[in-house]
Amino acid sequence: MALAEVGLFLVLFIALFVGWAMGKKSPSKKPKQDKKSVPANYFRGLNHLLNDQHSEAIDAFVDSLEVNSETFDIHLTLGNLFRKKGEIQKAINIHQSLLARPEISQREMRMVQLELASDFMSAGLLDRAGRLLLNMASAKKNEFQPKILTLLVDLYEFEQSWDKAIQIGGELLKEAPSKKETKRLAHFHCEMANEAQKKEQWRQAFQYYKSALEVDPSCVRASIGAADVLSQQSRYRDAIKELKHAAEQDPEFISIILPKLRDSYQRIWGSSGYFKFLQEQNQKKPSASLIMALVAHYRETDKDYAEMFLVEQLRAHPTIKGFKELINLQLADSDDYDQQHLVVLYELINQLVEAKHKYQCRQCGFAGHQLHWQCPSCKSWGMVKPIHGLEGE
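Thresholds applied
Residues numbered from 1 in each chain as written. Predicted model: local features only at pLDDT ≥ 70, side-chain atom pairs only at ≥ 80, totals over all residues. Heavy atoms only, no water. Helix = DSSP H or I, 4+ residues; strand = E, 2+ residues; numbered from the N terminus. Buried < 20%, exposed > 50% of the residue type's maximum accessible area, 1.4 Å probe, protein only. Contact = heavy atoms within 4.5 Å. Areas by Shrake-Rupley, 256 points an atom, 1.4 Å probe, with all protein chains shown as cover. Expected span 1.5 Å × (residues − 1). Arc of directions from axis to C-beta. 1 Å grid on protein atoms, 1.4 Å probe; cavity = no way out; pocket = protein on both sides within 12 Å on 5 of 7 lines; lining within 4 Å. Points joined across faces, edges and corners; volume = space filled by probe spheres on them. Nonpolar A, V, L, I, M, F, W, Y, C, P; charged D, E, K, R; others polar. Phe/Tyr/Trp six-rings, centres within 6.5 Å; stacked < 30°, edge-to-face > 60°. Lys NZ or Arg CZ within 6 Å of the ring centre and 35° of its normal.

The number of helices and strands found in the chain is 20 helices and 3 strands. Considering the chain as a whole, with its 393 residues, one finds that 45% of them fall into the buried category. Counting contacts in the chain only where the partners sit at least 6 residues apart, residues at least 24 apart contribute 50% of the total. If you sum the accessible surface of the chain, you get close to 21500 Å²; carbon and sulfur atoms cover 51% of it.

Here we come to unusual backbone geometry. Unusually for a residue other than glycine, Q160 sits at a positive phi of about 60°. On the basis of relative accessible area, Q160 is assigned to the exposed category, the value being 53%. Here the phi dihedral of S234 falls at roughly 65°; this positive angle occurs in a residue that is not glycine. Among the secondary structure elements, S234 is positioned in the loop between α13 (220-232) and α14 (236-249).

Let us look at helix α16 (residues 272-284). With 13 residues, α16 should reach 18 Å at 1.5 Å per residue; the first-to-last C-alpha distance of 19 Å fits that figure. Every buried residue belonging to α16 is among Y274, F275, F277, L278, Q281 and N282, and all of these are buried. Within α16, the buried residues cover an arc of 160° as seen down the axis, which keeps them to one side. Relative to its buried face, α16 has exposed residues pointing more than 90 degrees away, namely S272, K276, Q283 and K284.

Now for the layout of surface pockets. Here the largest pocket defines a volume of roughly 1100 Å³. Among the secondary structure elements, those contributing two or more residues to the lining of the largest pocket are α7 (106-122), α9 (145-159), α11 (179-198), α13 and α15 (254-268). The dominant element in the lining of the largest pocket, judged by the number of residues it contributes, is α11, at 10 residues. When its residues are assigned to classes, the lining of the largest pocket shows 17 nonpolar, 11 polar and 14 charged. L258, R262, S289, M292 and A293 are the residues nearest the centre of the second largest pocket, which is lined by 31 residues in total. Sorting the residues of the lining of the second largest pocket by element identifies α15, α16, α17 (288-299), α19 (320-331) and α20 (336-355) as the ones contributing at least two each. For the lining of the second largest pocket, a count of residues per class yields 13 nonpolar, 8 polar and 10 charged.

The subject of this paragraph is the packing of aromatic side chains. For the coordinates displayed, the defined rule picks out 9 aromatic pairs. Between Y298 and Y305 the ring centres are 4.9 Å apart and the planes differ by 90°, which places this aromatic pair in the edge-to-face class. We classify Y305 as partly exposed; its relative accessible area is 35%. Chaining the aromatic ring pairs together yields one cluster made of F275, Y298, Y305 and F309. In this structure, R235 is placed above the aromatic ring of F206, and the distance from its NZ or CZ to the ring centre is 5.9 Å.

The quantities given are spatial measurements derived from coordinates; they are silent on function.
As C-alpha cells, this is what we get:
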C-alpha cells in the first residue's frame, strides 16, 4: 500500500474514531447539547478531507483528539506517519506532547521515547537521539531492550563509529540473535579492518577480518579482505587458502576472487594449480568469468580447442560476455572483409557489456557498476552481489 493510501486510510480511521469517541462521551440525557460537544476542529478536519487535503485533515483531527488510554495509540501512529512523510517537526511535537502527559504508563513512556529517538535521528539530531537511547539502555532491562539497542546500532552505523557499533551490536546479538544483525556486526569488523589497512596496520587488519569470521563464518568479504592483507605481506600461500574459502562461502563472488587468486598462484606455483581450481569451480557452478578464464588458458596452447570449448559452454550457459569473447577469437582468423563486420559487431557487444550494470542488491534491486558491501539504497549489508544470467555471469 502506497504511503498516500496509508495516510488517507489513517485520516478516515481517525475521523471515524473521533466521531465514535465523542458519541460515547456525549450524555444520553442531553441530546440537544450533542452538537455543541463536537469540537470545531473535527468539522474542519472533515472539510479538509473532502478537499483531498490529507495533511491538513490529520492536523485538525489531532487537535480534536484528547490524549487518553483510548487515543494514545492513534497519536503514536500519527507521529510515525508524519516522520515517514518527512514532516519531522510535527512528529517530534506529537511525541513530546505525549511525554508531557503525567497519566501515561512507564511502558507507554518507553514507546514514546523510542519514537522520539527515531524522530531525532531522522532530523539529524544524533546527539539528542544518542543521549535518549543511552539513558534508556542504562535503565532496568525491559521488553524494549532489543529495539533500543537496534536504534543505537543504527545511530553508530550512521556516524561510522564502528567500535561503538561493534560493542552495542554484540549486546544486541545476546539479547535477540538474528541472521541480519550477525551479518551486520561482521561487516562492522570489516570496516575496522579496512581503516587499519589504509594505515598499513596489517596485523590489526587481519585480526579484524578474523573477528568478522568468528561472528559470521559465511562473511565472504572477510575472507577476501584477509587474503588482500596476506598478499600485502607476500604470504601468497595463505592468501590462496583464504580465496578458495571465499569461493566456498559464496560462489557468486567468483568474478571478484579470480583475479586475486590468479595473481597469487603466479607468484609462487605458476598456473597449474589455478587451472585445476578453474576446472573444479566450473563443474560446480559455471559462470562467464570462469569460462573466459579457462578459454584464456586453452588459447595459450590450442586456439581451436579454446574456441570449441567456448561454443560448448555458451550452448549450456549463454552469456553476452561469452559471446563477446567468441567474436574476439574469430577476429584473429578472419579475412579483411569478414573482419570489418566482426569488428563492428564486437564493438557493439562491448558497448552493451559496458553499459550493463555489474552488481545488484538482492534485497531491494539496486544496481550499479561498483561493488558496495552496504547497499546505497536499502542500507543492507552483504546483499549486493555480481549479476548472473545472460547479461552477467
